[in-house]
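Listed below, chain by chain, are the residues.
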Amino acid sequence: MNARTRTTPGVAATVAAVLLLAASAAVAQETGRSRPSPEGALEDLGLLHRGEDGDVCNEFWVLGRYHGQQYWSEGGAEDAEAFESRRFRLGAQARFFDDLVVHAQAISGSDFDPDYNGFTELWVGWRFCPEVMLTVGQQKHRFTHDRNVSSRYLNYLERSQLTNMFAADYTPAVTLQGQIGRWNYYGGLFSNATGRDMVGAFTELDSGESWLGFATYDFGRAFGTDGAFWNVSAVRSDANANATNLNWFDEGLATALILTDGPGSLVTEVTSGFGNPRGDVLGLNLQPGWFVTDQLQLVARLQLAGSDGDDGLRAQRRYEREVGLTTGDFYQATYLGLNQHFAGHRIKVLTGVEYATLGGDECWTFSVAFRMFFGPHSRGPFPMGDLLPASP
């Protein structure tokens, strides 16, 4: 066995969480709120100030997350085992004059190497009305529902293989978003590069550009389920040799149907990518789930992807490439896991096993992951900020 072992304690994240819990409890006490459940007690974890409408400062949050995971991967070429501090982020968000939002969130590298690795998000937004918000700064590439779901709410160790092939992340952008009736939309013009030097990322715009957008329609109970959303997203990238992101496909198109009913959920997404010399791709990402109890969730995932090029598909950088998976024209992966939500999505443990094949090679990955975050919730179709009630 070729074993790698990396150990990085999440002491800073734990201390921060305790301090923020105390601050949030103080805010709750001042406003007379009582939250007996762990999830309720941590609902405002990170909230340091909440004012009234019309105040200069309406809200001020400290925000961040720590994700650590142990995995064991076995492949035909070699095996790998490691603990990774996958994500550590720290920042703040404030809302002023009711409609001005300022957001900054710094990130470290994997295993805190380096300690500072730039910013995921660094933006200012002004909400003119519920239908229109203008945002300028480094923002998220919200291509595919899979990518749009924050890592705080993921039910799996990683996003899908095809989603990750697009190299979507965060880059400087100018976007518009809002809600019109049952429609939510988001889109704009993005740079194709970023890095640790944020001044350079905002001023050296020499990596090409991408147009990216999505729209989501809320069907309500039209399908006889508790919830139903349809999402469609697209990206057009003119990346050049200086690009660090959105530089694998020239164009992408994805559509997803998100259904929830009682304790059950089903996310079905089809994604396509075009314009890579190695081949065009088409893939299916199927994600069923079931809440056994209010805190214990059973999840599964099936991924199927094909390419018209012999090496048009790449294995996942984490886990799969480490044990010998490389490229091919057909990818298949099946995941089964149990997620324990100790305080909603704020504190949870994910356990899972995944079997993947690509180019005649195979990989088994077993994982245990700890997830925690503080700061305001994001809202959107499942699983964004939501848990489902277990069967009575």
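Residues numbered from 1 in each chain as written. Predicted model: local features only at pLDDT ≥ 70, side-chain atom pairs only at ≥ 80, totals over all residues. Heavy atoms only, no water.

**Topic: the pairing of strand β11 (residues 251-261)**
Of the two faces of β11, only one is covered, namely that formed by Gly-252, Ala-254, Ala-256, Ile-258 and Thr-260; the face formed by Glu-251, Leu-253, Thr-255, Leu-257, Leu-259 and Asp-261 stays uncovered. One ladder, built from 10 bridges, connects strand β10 (residues 227-239) with β11; its direction is antiparallel. Bridge pairing in β11 links Trp-230 to Leu-257. The sheet contact formed by β11 and strand β12 (residues 264-274) spans 11 bridges and is antiparallel. (Buried < 20%, exposed > 50% of the residue type's maximum accessible area, 1.4 Å probe, protein only. Helix = DSSP H or I, 4+ residues; strand = E, 2+ residues; numbered from the N terminus. Pairing = 2+ DSSP bridges.)

**What to know about the nonpolar core**
Core analysis: the biggest nonpolar cluster contains 27 residues, and Leu-212, Leu-313 and Tyr-331 have the highest contact counts within it. Breaking this core down by element, the ones donating at least two residues are α4 (161-165), β8 (183-191), β9 (208-218), β17 (330-343) and β18 (347-358). Excluding residues within four positions of it along the chain, Tyr-331 makes contact with Gln-161, Gln-303, Leu-304, Ala-305, Leu-313, Gln-316, Glu-320, Ala-356, Thr-357 and Leu-358. Counting nine residues, the second largest nonpolar core, distinct from the first, contains Val-62, Phe-88, Phe-112 and Met-372. (Core = buried A, V, L, I, M, F, W, Y, C linked by side-chain atoms within 4.5 Å. Contact = heavy atoms within 4.5 Å.)

**Topic: the pattern of salt bridges**
Tallying each qualifying case throughout the model produces 12 salt bridges. Of the charged contacts, one joins Glu-84 and Arg-318 as a salt bridge, the two residues approaching to 2.7 Å between their closest N and O atoms. Here Glu-84, found in strand β3 (residues 79-96), pairs with Arg-318, found in the loop between β15 (313-314) and β16 (327-328); they are 234 residues apart in sequence, far enough to count as distant. Across the pair, exposure class does not vary: Glu-84 and Arg-318 are buried alike. For Arg-236, the salt bridge is made with Asp-238, and the minimal N-O distance between the two is 3.1 Å. According to the relative accessible area criterion, Arg-236 is partly exposed, its value standing at 34%. Residues participating in the shared-partner salt-bridge network are Glu-43, Arg-379 and Asp-386. (Salt bridge = Lys/Arg side-chain N within 4 Å of Asp/Glu carboxyl O.)

**Thoughts on the confidence of the model for the chain**
When pLDDT is averaged along the chain, the result is 91, and 90% of the positions lie at 70 or above. Of the regions scoring below 50 in pLDDT, residues 1-35 engages in 57 contacts with residues more than four places distant in sequence or in other chains. (pLDDT = per-residue confidence, 0-100.)

**Structural notes on the side chain of Gln-105**
If you trace the backbone, Gln-105 turns up in strand β4 (residues 100-107). Side-chain polar atoms of Gln-105 contact the side chain of His-103, separated by 3.4 Å. Contact partners of Gln-105, with chain neighbours within four places excluded, come to Leu-63, Gly-64, Arg-65, Arg-89, Leu-90, Gly-91, Phe-119, Thr-120 and Glu-121. (Polar contact = N/O pair within 3.5 Å; in protein donor to acceptor, adjacent residues only side chain to side chain.)

**Considering the packing of aromatic side chains**
Scanning all chains against the criterion turns up 15 aromatic pairs. Where Tyr-66 meets Phe-112, the ring centres are 6.5 Å apart and the plane angle is 15°; that geometry is what we call stacked. With Tyr-66 in strand β2 (residues 57-75) and Phe-112 in the loop between β4 and β5 (119-129), this residue pair connects regions lying 46 residues apart in the sequence. An angle of 55° between the planes, with centres 4.7 Å apart, marks the rings of Phe-143 and Phe-166 as tilted. Here Phe-143, found in the loop between β6 (132-140) and α3 (145-148), pairs with Phe-166, found in the loop between α4 and β7 (170-180); they are 23 residues apart in sequence, far enough to count as distant. (Phe/Tyr/Trp six-rings, centres within 6.5 Å; stacked < 30°, edge-to-face > 60°.)

**Some remarks on a nonpolar patch on the surface**
A surface patch of nonpolar side chains, about 730 Å² in accessible area, is lined by Val-56, Phe-97, Trp-126, Phe-128, Leu-134, Val-136, Val-174 and Leu-176. Positionally, Phe-128 belongs in strand β5. (Patch = residues over 30% accessible without salt bridge, like charges linked within 9 Å, V, L, I, M, F, W, Y side chains within 5 Å. Areas by Shrake-Rupley, 256 points an atom, 1.4 Å probe, with all protein chains shown as cover.)

**Some remarks on unusual backbone geometry**
Cis geometry marks the peptide bond from Asp-113 to Pro-114, where omega comes out at 5°. Positionally, Pro-114 belongs in the loop between β4 and β5. Note the cis peptide between Phe-382 and Pro-383, where omega equals 5°. Tracing the sequence through the fold places Pro-383 in the segment after β19 (361-374). Phi angles above zero are rare outside glycine, and Thr-144 is one such case at about 80°. Among the structural elements, Thr-144 can be located in the loop between β6 and α3.

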